[in-house]
Amino acid sequence: MKILIIEDERELAKSMMIYLRQESYVCEMAYTAQEALEKILLHEYDCILLDITLPDGNGLEILDRLKKEDKSEGVIIISAKNSLDDKIQGLNLGADDYLAKPFHLSEMGARISAIIRRKRFDGNNTISFDDLTIDLIGKVTTVKNKLVDLTRKEYDLLLFLISNKNRVVSKNAIAEHLSGDAADVFDNFDFIYAHMKNLKKKLCEAGSQDSIKTVYGLGYKFEA
Amino acid sequence: MRLLRRTVRNFIVYAALLLFVCTPLYYLAIQQLFVEEMEEELLHHKENFEKIVPKITTENDLHLYESINEEFRLKEATRWPIADSIFTIELYDSLEQEVIPFRVLRTGITLQNRNYEVIISESVVGSQDLIKAIVAIQASLLFLLLLGFILINRNLSKVIWKPFYTILEKLKQYQIDKDLSISLPKSNITEFEDLRIAIEQLLIKNREAYVSQKEFTENASHELQTPLAVFRSKLELLMQSENITSEQAELISDLLTATDRIARLNKNLLLLSKIENNQFPSKQKLLISKAVEKTIELYQGTISERKIKVSLSVDNEGVVAANPTLLEILLSNLISNSLKYSPEHSEVSISIDNKSLHLINPGEPFKNPEKIFQRFNRESRVVQGHGLGLAIVKEICDAEGFEIVYSFNSAHSFQVQF
C-alpha cells in the first residue's frame, strides 16, 4: 500500500509517516504543492493525504489536477480551518474524506483503511483475522461462521481497533470516534469501558481468541 | 432634561425674575418722579400766590382768588407761625364725589395783619393712573420682548441643533458588527462639523479594532490547530513505545486528555468567531422536532448512562428557516448542557410548540444567572466544560434572529423563540 502525505508541517508529516509505517504502509512525503504535483504525475498511490493550505498553493488545486488526470487515488483532505466550505468544496471536487486538524492518528488510520478497503473492493468486502470475519457491507461479524450479535457502537469500536491493528488506540480517540461531537459532554470514559467489556465478552463467548488487549492507563490494542 | 428645554428654562427664569423685580421698581421710580414733579408744581403755585399777595387788598379779593383757583384753600391760622410742609391727605372731591388722595402744601401768609393758613392741594389720582398705565405698558412690552426672545431662540435652536440630533439618532442605530460605515450629515456650524469628523474617525478606528480583534481570534485559533496536531500525534506515537511504565502511561493519558480539552476549546472559539463573521449564511427550512430527535439520538449514550429520562412533546409543529449546522449546534449545546447539569435519574423535558422550543431540566440554581450567556463563565468547576457552550447558543440566536430566555423556577428553563 502506497500513501502520499502532502503536508507542509514537517513534524506532523513525520508523525503521520511513522504511524502509518507501523501498519506496513509505504509512505512518501511532499512538503509543497510543486513536489506533490510531480509525485502525483509520476506515481500511483492508494491513498493521498492532502493538506489544503500549502505554502505555494491551495491543496484544492491539486485535487482538481488529480481529477483532470483521471487519477483514481483516494484522497483525504486535511485542513486546519475545519470550515464547511472547504469540506463541501473538497468533497465536491472528488475528495473521499475530510479530516480536521488536530486529528488523532488512530482516526486518520481508520479513515485511510476505510478508503483503501473501498478502493480495493473486489466483490467480497470482508476482513478476516484467524477465526474472526467482518462483512463490511452487511456490517455483520462472525466467529467461526457463527454470527456475533454486536450493537452499532460495538461494531464501530471493533472496526476502529482493527483499522489500527497492532497499535495502541487511546481512550480519547475512541471516545471521539464513537460519539463525535457528543464527546464534548464529559471527559468521562465510562461508556467506553462498558462498550469494550460487552464487545470482549461477546467475542469471547463466540469462541474467538482474545485479540483485544487492554494497555493499562492508555487504551486498547488489537493484536493480529 | 433636554438641552433645549434646559437653555429655554434658564431664559424663562431670568425673564420672570426681571419682570417681577423690575416692574415694582419701575413703578416706584416713576412714582417718585411724579411726586417730585407735583411738589415743584405746588411750590410753583405758592410762588404765583406770593406774587399776587401784594395786589390783594381786601378779604373779598382773597376769597375771589380762592374761588378762581380750585386747588387753593384758605383759613384763619389757629397757630402761628406755620412752617412750609408737604404731605398727602385723603379729601372729599366734589367733582369725583369720593374721597381721594391729595398731595398738599401747607404754608402760612399774613394779610392785613391777619394770619392765614394756606393749603394748596393737587389730586394724586390722575398721576397715579398715569403711572399705572405707563408701568403696565412697559411691563407688557418687556413680557412680549422676552416671549419673542424665547420663541425665536427655541426655533433657532431647533434648526441649529438639528445636525446634532441627526448624528445622535444615527449613533443610536449604529451596530459595530453589522454596519460597515456610517454617513453623518454635514453641517456649516464649526462645532458640529468637528463633532461629525471626530465621530466618523472614532467609528472607523473602532471598526478596525473590532475587525482585527475578530480576525485575531479566528487566526489564532487556526494557527493553533497545526502545532496542536503535531503535539497530539507525537503523544500517540509515544504511546506506541514498548515497555511503558504505569507512571508514564498515566502521564501520557493526562496529556492526551489536556490536549483534547485544548482542541475542543480551540474548536469552539473558532466556531464563535465564524458565527460572528457570518460564515453560516445559507438557510434551509427545517423541522424543529426532527432536529431535536436527531440530537437526542446523538446523546443516547449519555442519557442511558446517567439514567436520565428525556420526554419530548410536539404540539402544532412549525417550520424554521435556519442554517442547519447552526441549528444542530444550538440544539446540541442546549441539550448536552441540560444533561450535564441534571442529576442522575432525573427528567429532562423538551416541548415544541409552533415556533418555540422549551427545555426544562432540574438542577441547582445558577449563582449568576445573568452571566450564563457570557464567554468563559462556568458555573461549576466540578462539571467539566469549556465555558463556551451557552455563549455559542446566544451567538447563534443573535445570528439567526432567535430569542432565548432563561428562567429558574425550581428547575432550569430555556425557551427559544424561533
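Structure: above.
All names here are of chain A. Where helix α6 (residues 152-163) meets helix α8 (residues 190-205), the axes come as close as 10 Å, and the angle between the chain directions of the two elements is 85°. Put simply, α6 runs roughly perpendicular to α8. Along its contact with α6, which presents Lys 153, Glu 154, Leu 157, Leu 158 and Leu 161, the element α8 presents His 195, Met 196, Asn 198, Leu 199, Lys 202 and Leu 203. In terms of residue class, the contact of α6 with α8 is built from 6 nonpolar, 2 polar and 3 charged.

So, about a negative patch on the surface. Residues and elements named next belong to chain B. A contiguous patch of negative charge, built from Glu 36, Glu 37, Glu 40 and Glu 41, is present on the exposed surface. In this structure, Glu 36 sits in helix α1 (residues 3-52). Here Glu 36 falls in the partly exposed class, since its relative accessible area comes to 41%.

Take the sheet that holds strand β14 (residues 219-222) of chain A next. Residues and elements named next belong to chain A. One open sheet holds the 3 strands; their spatial order is β12-β14-β13, and the pairing between them is antiparallel. Of all strands in the sheet, those bounded by a partner on one side alone are β12 (168-170) and β13 (212-215). On average, adjacent strands in this sheet sit at an angle of 30° to one another, irrespective of strand direction. Contacts from α6 reach β12, β13 and β14 within the one sheet, and its direction differs from that of β14 by about 70°. Across the sheet, helix α7 (residues 171-179) is in contact with β12 and β14; its angle to β12 comes to roughly 65°.

Further remarks concern the interface of chain A and chain B. At the interface, 41 residues of chain A touch 39 residues of chain B. Summing the contributions of chain A and of chain B, the shared interface buries around 3,500 Å²; its carbon and sulfur component is 56%. The interface formed by chain A and chain B holds 2 salt bridges in total. A salt bridge links Glu 176 of chain A to Arg 232 of chain B; the nearest nitrogen and oxygen atoms lie 4.0 Å apart. At the boundary of chain A and chain B, one finds 13 residue pairs in polar contact (both at pLDDT 80 or more).

Definitions and cut-offs
- Residues numbered from 1 in each chain as written.
- Chains lettered and ligands numbered in written order.
- Predicted model: local features only at pLDDT ≥ 70, side-chain atom pairs only at ≥ 80, totals over all residues.
- Heavy atoms only, no water.
- Axes fitted to C-alpha atoms, helices over the stretch in contact; angles between N-to-C directions.
- Helix = DSSP H or I, 4+ residues; strand = E, 2+ residues; numbered from the N terminus.
- Parallel < 35°, antiparallel > 145°, perpendicular 65-115°, else oblique.
- Contact = heavy atoms within 4.5 Å.
- Nonpolar A, V, L, I, M, F, W, Y, C, P; charged D, E, K, R; others polar.
- Patch = residues over 30% accessible without salt bridge, like charges linked within 9 Å, V, L, I, M, F, W, Y side chains within 5 Å.
- Areas by Shrake-Rupley, 256 points an atom, 1.4 Å probe, with all protein chains shown as cover.
- Salt bridge = Lys/Arg side-chain N within 4 Å of Asp/Glu carboxyl O.
- Lys, Arg positive; Asp, Glu negative; His and termini not counted.
- Charge placed at Lys NZ, Arg CZ, Asp CG, Glu CD.
- Buried < 20%, exposed > 50% of the residue type's maximum accessible area, 1.4 Å probe, protein only.
- Pairing = 2+ DSSP bridges.
- Buried area = accessible area lost by both parts, 1.4 Å probe.
- Polar contact = N/O pair within 3.5 Å; in protein donor to acceptor, adjacent residues only side chain to side chain.

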